[in-house]
Amino acid sequence: MSSHAPPFWKHKSLGQMSSEEWESLCDGCAKCCLYRLEDEDTQEVYFTNVHCRLLDTCTGRCTDYANRSVRVPDCVTITPAVLQDPYWLPRTCAYRVLAEGRELARWHPLISGDPDSVVRAGLRVCDRTICEDDADELENHLVDWIE
Ligand code: SF4
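Notes on the structure in this doc start here. For clarity, every value in this text was computed on a predicted model and none was experimentally measured. (Residues numbered from 1 in each chain as written. Predicted model: local features only at pLDDT ≥ 70, side-chain atom pairs only at ≥ 80, totals over all residues.)

Considering the overall build of the protein
Each helix and strand counted, the protein has 6 helices and 5 strands in total. The C-alpha radius of gyration computed for the protein amounts to 16 Å, which stays within 12% of the reference 15 Å derived for 147 residues, consistent with globular compactness. Its C-alpha atoms give the protein principal-axis dimensions of about 60 × 35 × 30 Å. Residue pairs at least 24 apart in sequence account for 58% of intrachain contacts in the protein once pairs closer than 6 positions are excluded. (Helix = DSSP H or I, 4+ residues; strand = E, 2+ residues; numbered from the N terminus. Rg over C-alpha atoms; globule rule 2.2 N^0.38 Å. Contact = placed C-beta atoms within 7 Å.)

Right under this line is the structure:
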């Protein structure tokens, strides 16, 4: 009999995960920290290269994660409820991947065991972004990030 239990994301639903498991799903790509434009009719989402002023561009993490919703009221806290329709997240985001019944990619830290595998895969947007404080119209900053 095998002693290897399946990893938590294989046998737990998003709503069953502990907070530690939940947080470990974030790979730090920082794409949800970018401003987006959305076509209200089609729900088509257009990403920009303009990042929230709270983003640490070196680590891809929020510099005030605990208070982000207060400091940035538009910041959407990702929960199982909002993942009912996760079209606004990048297709590579693990929360969206699992919500859509797909498999985590090989470069995801939970699979690779290495947080830097996200960077090597070219999926962390940092160093290719501009802070919202320095940006002009969002329409001038549309970027088709490779996913
Ligand atoms: S898009 Fe998803 S994986 Fe990327 S930083 Fe945001 S929550 Fe984490």
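Concerning the environment of Leu-138
Examined against the element boundaries, Leu-138 turns out to sit in the segment after strand S5 (130-131). Among the residues examined, Leu-138 registers 16 C-beta atoms within 10 Å and is labelled partly exposed. Ignoring anything within four residues of it in the chain, the contact list for Leu-138 reads Tyr-35, Leu-37, Thr-48 and Val-50. (Buried ≥ 20, exposed ≤ 12 C-beta atoms within 10 Å, placed from the backbone.)

Remarks on the pairing of strand S1 (residues 34-38)
Strand direction decides the pairing type here: S1 and strand S2 (residues 45-51), joined by 4 bridges, are antiparallel. Looking at the pairing, Glu-38 lines up with Val-45 of S2. In this antiparallel pair of consecutive strands, S1 and S2, the connection spans 6 residues, and Gln-43 shows a positive phi of 60°. (Pairing = 2+ DSSP bridges.)

Some words on the sheet that holds S1
The strand order across the open sheet built from 3 strands is S1-S2-S5, with neighbouring strands paired in mixed fashion. In this open sheet, the two edge strands, each paired with only one partner strand, are S1 and S5. By the bridge criterion, 2 bridges tie S2 to S5 in an arrangement that is parallel. Bridge pairing in S5 places His-51 opposite Cys-131.

Let's talk about the site of the ligand
Cys-26, Cys-29, Lys-31, Cys-32 and Cys-93 are the nearest of the 13 residues found near the ligand. Residue composition of the shell around the ligand, grouped by class: 10 nonpolar, 1 polar and 2 charged. (Near = placed C-beta within 6 Å. Nonpolar A, V, L, I, M, F, W, Y, C, P; charged D, E, K, R; others polar.)

Brief notes about the nonpolar core
In this structure, Cys-33, Cys-93, Ala-94 and Tyr-95 are the most contacted members of the largest nonpolar core, which totals 21 residues. For this core, the secondary structure elements donating two or more residues are S2 and helix H4 (94-99). Here this core takes 4 residues from H4, the largest share from any one element. Apart from residues lying up to four places away in sequence, Ala-94 is in contact with Leu-25, Cys-26, Asp-27, Leu-104 and His-108. (Core = buried A, V, L, I, M, F, W, Y, C linked by C-beta atoms within 7 Å.)

Description of the environment of Ala-81
Inspection of the secondary structure puts Ala-81 in the loop between helix H3 (68-71) and H4. Taking C-alpha positions, Ala-81 is 9.5 Å from Leu-14, a pair spaced 67 residues apart along the chain.

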